[in-house]
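Residues per chain are reported as follows:
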Amino acid sequence: MSGKNNMTVDEKMATVKIKIDKEAHITVKKEFCKKCTTRTCLIICTAENYKWDEERVELIFNYEGCLECGACRLICPEGAIDWSYPKQGCGVKFRFG
Amino acid sequence: MEKTTCIIVGAGPAGSACALSLARKGIETVLLERGRTPGEKNVSSFVLFIKELKRLVPECMDELELERNIVRSDQIILSDDDVKTITSFNYKHIRNPVTFSAFRRKFDAWFAKKASMAGAELITGMTVTDLIIDNGRVIGVKVGDEELYADVVVGADGYHSKVAERSGLNPVLDPGQCLLSVKEVLNLPAEVINDRFQLTDGLGAELGLWNYDVNNFKSGTGTLYTNTDSISIAAFASVADLKNKNMKLHAYLEKFKQHPYINALIKDGTLREYQAHILSNGGRIAPEKLYGDGVLLCGEAGAIMDTMSGMGVPTCIVSGMMAAETIEMAVKKRDFSAGTLKNYLKYLDSTSLLDMVYESSKVGEYWDGAGKDEMPDDIKAVADCYNKWWDVDYMSKDYYPLMANLFFKIGKHFMPKILRWPLGAAIKITSLYSKTCEKIKSKIRSRYYEWKKQYDG
Ligand SMILES: Cc1cc2nc3c(=O)[nH]c(=O)nc-3n(C[C@H](O)[C@H](O)[C@H](O)COP(=O)(O)OP(=O)(O)OC[C@H]3O[C@@H](n4cnc5c(N)ncnc54)[C@H](O)[C@@H]3O)c2cc1C
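Residues numbered from 1 in each chain as written. Chains lettered and ligands numbered in written order. Predicted model: local features only at pLDDT ≥ 70, side-chain atom pairs only at ≥ 80, totals over all residues. Heavy atoms only, no water.

### Considering the site of the ligand
We apply this condition: Nearness of a residue to a molecule or strand requires only that one of the residue's heavy atoms be within 4 Å of it. Any pair of nitrogen or oxygen atoms within 3.5 Å is treated as a polar contact; in protein, a donor-acceptor pairing is required on top of that, and neighbouring residues in sequence qualify only through side-chain atoms on both sides.
Among the 37 residues in the neighbourhood of the ligand, the closest are listed as Glu33, Ser44, Ser45, Arg104 and Glu300 of chain B. Those chains with residues close to the ligand are chains A and B. A distance of 3.2 Å separates an oxygen atom of the ligand from a polar backbone atom of Pro13 of chain B. Note that a nitrogen atom of the ligand is positioned 2.8 Å from one of the backbone N or O atoms of Val128 of chain B.

Encoded structure:
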């Protein structure tokens, strides 16, 4: 727990309990992302799970740290993001939702 | 092949209300929830309106673990160097509390347990992945490789509803029809909260935050409210809007938190939990899309949501109760076709729910970001409209005028003459009285439209 102002999203995410699924509940057709000019997923994700790797010129994402809002699934202009709920009992576990 | 009468997908307020009602009617019900405990997947800014719940579970107040009785609502227009506030303090609600802050993890678990104690079979840790459809008729659900069959499947699985999607009732979600929300729960000692918000133990306050302009992004809203020993602060904005304006919602929330006015209230609060969730911004599903062959949608899966006030829980509970009435009728008729399940609309219509949802859904348009990122300056209008929802009762609808008229017209012929006059007069008076109620209601409605016009203008 932290009281400081301006915590980073990563620091905030440390307060969230997640049971990590071995299987990814998000898959991205990364070849589509190369054409994408908007990259809205980088903006919409409140867990900042999507990042653009300039060097490798590809989208990197981290399904383990997902808050399961599903916003990314709605906004991908290329329809490249396949998002579903994590399977049986896995994923986020809010204690104070 | 395992078969039951009714499968309910999702143990949120809608699903549990439906399961509890069905179980009490003695109808075999299975309630499936993807969380290991009901509520652990869910987020609300959670101010719980208790009226609807009380009808279903009169003893709820003794059993629920609630945080604070919300008696004050402040609606605030924020700008960098100005704060305009309208406060309303509802003393009535100290004597007769209707609104509470609460945590979903406790609330949903309690509610689902109520349903299971009444006889519904609650199975947690079950993510429904698909529906089983035969000849256009929903006959069951799939959980991975497992199959479960039922006469009727109720989709109470919230915004990203698998049931709505796979049944074809609402196959595609539109980013303009939903709000993204991000929320932080901040630890603060109860005394500090009492001090800063001028409260005593057990009483709580809620703030609605409007119109804050961050880099030309104004269409976000916020809420801040007190729990027993924590404060919840959340920001909301349309997903389409965030996309169009390239705005990070969590950055927007951070701006709220840094505003001097807000900062003074939450200062030294340590982060307990960070959360995000999505919610429907109103009734964009047409009523005829709430039912199909072997399937019904309740709660947010059917966009049964009061956007105007941001209240989903009471409306979802009422829709779950009405779905149960419909299913009881279908069980009696042994017919689960769309033709019978259509009666769901009649049941919904017997409450004020659909009217309310559809009127209130129009508000959703303002969050669509169709160039309308101005909130009305007249905060009074916002506050007025907002506060009237404290007294909304989604369950009741006046049938007096109709019944009284019928009675008067037909019944009088069968009545002894001496009785006719006094009885008739009594009925006329009640009917006049309820007509006045209707008039008041329609006045409130027109006030809302005026307010809407201001938005539009
Ligand atoms: C930040 C925020 C603040 C809010 N504030 C308020 C407020 O102050 N007051 C208020 O009344 N309302 C509020 N709402 C709205 C309210 O939370 C929702 O409208 C309400 O919870 C919807 O109830 P529901 O039962 O339809 O769906 P949900 O509460 O979403 O429940 C759906 C359930 O189904 C489960 N589920 C989903 N998919 C599956 C699947 N495939 N298989 C199995 N289970 C599944 C989920 O885990 C969940 O438990 C708020 C919402 C948000 C996001």
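Don't stop here, the text continues.
### Details of the pattern of salt bridges
Note the threshold: Each reported salt bridge corresponds to a side-chain nitrogen of Lys or Arg within 4 Å of a carboxyl oxygen of Asp or Glu. Helix and strand labels come from DSSP, where a helix needs a run of H or I of at least four residues and a strand needs a run of E of at least two; each type is numbered from the N terminus. Working definition: with a 1.4 Å probe on protein chains only, accessible area under 20% of the residue-type maximum means buried, over 50% means exposed, and in between means partly exposed.
Taken as a whole, this structure holds 29 salt bridges over all chains when the rule is applied. Among the salt bridges present, the one from Lys41 of chain B reaches Glu68 of chain A, with a minimum N-O distance of 3.2 Å. Taken together, the residues span two chains, with Lys41 of chain B in the loop between β2 (29-32) and β3 (47-49) and Glu68 of chain A in the loop between β4 (58-61) and α4 (71-75). Like Lys41 of chain B, the residue Glu68 of chain A is buried in the burial classification. Notably, a salt bridge pairs Lys25 of chain B with Glu328 of chain B, separated by 3.2 Å at the nearest N-O pair. You can see Lys25 of chain B sitting in the loop between α1 (13-24) and β2 and its partner Glu328 of chain B sitting in helix α11 (residues 313-333), a full 303 residues away along the chain. With a relative accessible area of 21%, Glu328 of chain B lands in the partly exposed category. It is possible to trace a salt-bridge network through shared partners that takes in Lys12 of chain A together with Glu184, Glu254 and Lys257 of chain B.

### As for the interface of chain B and chain A
Put simply, the rule is: Here, two residues are considered to be in contact whenever any of their heavy atoms come within 4.5 Å of each other. In short, buried area is how much 1.4 Å probe accessible area vanishes from two parts on joining, totalled over both. Residues were grouped as follows: Ala, Val, Leu, Ile, Met, Phe, Trp, Tyr, Cys and Pro as nonpolar; Asp, Glu, Lys and Arg as charged; and all remaining residues, including Gly, as polar.
With 52 residues of chain B in contact, the opposing surface of chain A contributes 41 residues. Of the roughly 4000 Å² buried between chain B and chain A on both sides combined, carbon and sulfur atoms contribute 54%. Ionic pairing is found between Lys12 of chain A and Glu184 of chain B, a salt bridge with its closest N-O pair at 2.7 Å. Counting the contacts that link chain B with chain A gives 23 residue pairs in polar contact (both at pLDDT 80 or more). Of all elements in the fold, only α5 (104-117), β11 (178-187), α8 (239-245), α9 (249-258) and β15 (270-280) of chain B reach the threshold of two or more residues within the side of chain B that touches chain A. Broken down by element, the residue count for the side of chain B that touches chain A peaks at nine residues, all from β15 of chain B. For the side of chain B that touches chain A, a count of residues per class yields 20 nonpolar, 17 polar and 15 charged.

That is the geometry; function is a separate question.
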